[in-house]
Amino acid sequence: MSAFSSLSEFWQTMLPFIMLVEIVLEIGLFMYQLLRSNKPVRSLLSLAVMAVMIPLLFSVSQADPDNIGDAFLLDAPC
């Protein structure tokens with residue numbers, strides 16, 4: 001049982017999706033800051049956020065071992 005199993009199926013699907021979008025945006029911000037700034041130290045904050053968000057995304061998107069079906073498909077036919 002995960003901490004997110006009490007959420008509805010919609011939010012169990014949307015939470016990993018929102019986190020994935022945030023990681024992609026952080027990668028874009030990191031690349032932009034790295035290429036446009038003459039001080040690459042400023043881009044370390046984006047790198048730190050990505051380092052936290054990626055393991056968090058994997059922990060949120062782990063399938064519930066008690067649930068046999070796929071936890072991330074909304075109303076998918078069996």
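Values in this document were obtained by computation on a predicted structure and should not be read as measured data. (Residues numbered from 1 in each chain as written. Predicted model: local features only at pLDDT ≥ 70, side-chain atom pairs only at ≥ 80, totals over all residues. Heavy atoms only, no water.)

Caption draft 1: Region of interest: the packing of helix 1 (residues 9–36) against helix 2 (residues 44–60). Two numbers describe how helix 1 lies on helix 2: the axes approach to 9 Å, and their chain directions differ by 160°. Viewed along their axes, helix 1 and helix 2 adopt a mutual orientation that is roughly antiparallel. Our pair here, helix 1 against helix 2, has a crossing hand that is left-handed. Of the residues in helix 2, those in contact with Leu15, Pro16, Met19, Leu20, Glu22, Ile23, Glu26, Ile27, Leu29, Phe30 and Gln33 of helix 1 are Ser46, Leu47, Val49, Met50, Met53, Ile54, Leu56, Leu57 and Val60. (Axes fitted to C-alpha atoms, helices over the stretch in contact; angles between N-to-C directions. Helix = DSSP H or I, 4+ residues; strand = E, 2+ residues; numbered from the N terminus. Parallel < 35°, antiparallel > 145°, perpendicular 65-115°, else oblique. Left-handed = near helix turned anticlockwise from the far one by under 90°. Contact = heavy atoms within 4.5 Å.)

Caption draft 2: Quick look at the side chain of Thr13. In this fold, Thr13 is placed in helix 1. Among the polar contacts listed, one links the side chain of Thr13 to the backbone oxygen of Glu9, at a separation of 3.0 Å. (Polar contact = N/O pair within 3.5 Å; in protein donor to acceptor, adjacent residues only side chain to side chain.)

Caption draft 3: Seen up close, the side chain of Ser46. For Ser46, the position within the fold is in helix 2. Here Ser46 is in contact with Glu26, Leu29, Phe30 and Gln33, once residues within four sequence places are set aside.

Caption draft 4: Looking closely at the nonpolar core. If you look at the biggest cluster of nonpolar residues, it comprises 5 residues: Met19, Ile23, Met53, Leu57 and Val60. Counting residues per element, the ones that place at least two in this core are helix 1 and helix 2. Residue contributions to this core peak at 3 residues, all from helix 2. Contacts of Met53, omitting those with residues within four sequence positions, involve Met19, Glu22 and Ile23. (Core = buried A, V, L, I, M, F, W, Y, C linked by side-chain atoms within 4.5 Å. Buried < 20%, exposed > 50% of the residue type's maximum accessible area, 1.4 Å probe, protein only.)

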